[in-house]
Amino acid sequence: MASYERTFCLQVPSSTENLALIREFVSTIGEQAGFSESETMKLALAVDEACTNVIEHAYQNEETHEVTVRVTVDQNEIAFEVVDRGRGFDPTQEPVLPVEELIRRRRSGGLGLRLIRTIMDDVQYRIVPGQMNELRMVKKRHPGGVKTEPGEPR
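Residues numbered from 1 in each chain as written. Predicted model: local features only at pLDDT ≥ 70, side-chain atom pairs only at ≥ 80, totals over all residues. Heavy atoms only, no water.

Visitor: Looking at this structure, how should I read the overall build of the protein?
Guide: Looking only at helices and strands, the protein has four helices and five strands in total. The linear arrangement of helices and strands in the protein, starting from the amino end, is β-α-α-β-β-α-α-β-β. (Helix = DSSP H or I, 4+ residues; strand = E, 2+ residues; numbered from the N terminus.)

Below, the structure is given as structure tokens:
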């Protein structure tokens with residue numbers, strides 16, 4: 001099989017009004033890359049959650065900033081990078097609490113990252129203080145092609 005790599009980029013103002021555009025961007029690329037409808041919806045959900053976190057936490061809902069979503073597709077995987085220049089947050093410093101504990105403490109925070117880690121095969125976060133934050137999320141293609149849900153066409 002010949003090797004290939006394609007990269008796409010979307011940069012939008014940091015407003016929750018742009019989340020639908022981001023989901024459409026991710027869904028279109030996921031479909032073009034051959035992921036099932038179900039898998040594409042999950043990819044869009046994970047990227048949406050990451051961008052929502054940037055808008056709400058890194059930029060504190062200030063719409064004067066930008067969120068960048070880069071997508072790289074090759075024969076082995078699809079990788080999403082969400083880049084911002086807001087307040088940094090290192091999720092590796094946060095304990096991963098069981099959902100039951102979050103409910104007991106009446107905390108909603110932390111569920112988005114748990115969702116992202118459940119959907120994606122690899123999640124990495126890089127902070128360059130004062131310059132940028134980058135969340136990289138990778139979904140691998142499964143041997144024999146893209147993994148599909150039972151009963152779904154490829």
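Let us keep going from here.
Visitor: Looking at this structure, I do not really get the sheet that holds strand β1 (residues 5-13). What am I missing?
Guide: Whenever strands of a sheet pair, they do so through backbone hydrogen bonds, lying parallel or antiparallel. Taken together, five strands build an open sheet; the order of strands is β1-β2-β3-β5-β4 and the sheet is antiparallel. Edge positions in the sheet fall to β1 and β4 (122-128), since each of these pairs with one other strand and no more. Averaged over all pairs of adjacent strands, the angle between strand axes in this sheet comes to 15°, irrespective of strand direction. The sheet contact formed by strand β2 (residues 66-74) and strand β3 (residues 77-84) spans six bridges and is antiparallel. Counterpart to Arg-70 in the pairing with β3 is Glu-81. Against the sheet, helix α1 (residues 19-32) contacts β1, β2 and β3, and its axis sits at roughly 170° relative to β1. Helix α2 (residues 37-58) rests against β2, β3 and β5 (132-140) of the sheet, and its axis sits at about 15° to β3. (Pairing = 2+ DSSP bridges. Axes fitted to C-alpha atoms, helices over the stretch in contact; angles between N-to-C directions. Contact = heavy atoms within 4.5 Å.)

Visitor: Would you explain α1 in this entry?
Guide: The end-to-end C-alpha separation of α1 is 20 Å, in line with the 20 Å expected for 14 residues at 1.5 Å each. Those residues of α1 that sit buried are Leu-19, Ile-22, Phe-25, Val-26, Ser-27, Ile-29 and Gly-30. Close packing links the buried residues of α1 with β1, α2, β2 and β3. Directly after α1, the chain includes Gly-34, whose backbone phi takes a positive value near 95°. (Expected span 1.5 Å × (residues − 1). Buried < 20%, exposed > 50% of the residue type's maximum accessible area, 1.4 Å probe, protein only.)

Visitor: In this structure, what is going on with α2? I would like to understand it.
Guide: Each α-helix winds once per 3.6 residues, and so residues spaced three or four apart point in a common direction. The end-to-end C-alpha distance of α2, which contains 22 residues, comes to 31 Å, matching closely the 32 Å that a straight helix rising 1.5 Å per residue would cover. Gln-60 sits one or two residues past α2 and shows a positive phi near 50°.

Visitor: Please clarify how the side chain of Asn-18 should be interpreted in this entry.
Guide: Within the secondary structure, Asn-18 sits in the loop between β1 and α1. From its side chain, Asn-18 meets the backbone oxygen of Pro-13 in a polar contact 2.8 Å long. Not counting the four nearest positions on each side in its chain, Asn-18 is found in contact with Val-12 and Pro-13. (Polar contact = N/O pair within 3.5 Å; in protein donor to acceptor, adjacent residues only side chain to side chain.)

Visitor: Just checking my understanding: could you explain the nonpolar core for this structure?
Guide: Grouped burial of nonpolar side chains is what soluble globular proteins tend to show. Counting 32 residues, the largest nonpolar core has Ile-22, Val-47, Phe-80, Val-82 and Met-137 as its most contacted members. Elements represented by at least two residues in this core include exactly β1, α1, α2, β2, β3, α4 (111-119) and β5. Ignoring anything within four residues of it in the chain, the contact list for Val-82 reads Val-47, Ala-50, Cys-51, Val-54, Val-67, Thr-68, Val-69, Asn-133, Glu-134, Leu-135 and Met-137. (Core = buried A, V, L, I, M, F, W, Y, C linked by side-chain atoms within 4.5 Å.)

Visitor: Quick question: what am I supposed to make of unusual backbone geometry here?
Guide: Glycine aside, residues mostly have negative phi angles, and peptide bonds mostly take the trans form. You will see that Gln-60, though not glycine, has its phi angle at about 50°, which is positive. Position of Gln-60 relative to the elements: it lies in the loop between α2 and β2. Phi at Asn-61 takes a positive value of approximately 65°, unusual for a residue other than glycine. Checked against the element boundaries, Asn-61 lands in the loop between α2 and β2. Taking relative accessible area as the criterion, Asn-61 reaches 46% and is therefore assigned partly exposed.

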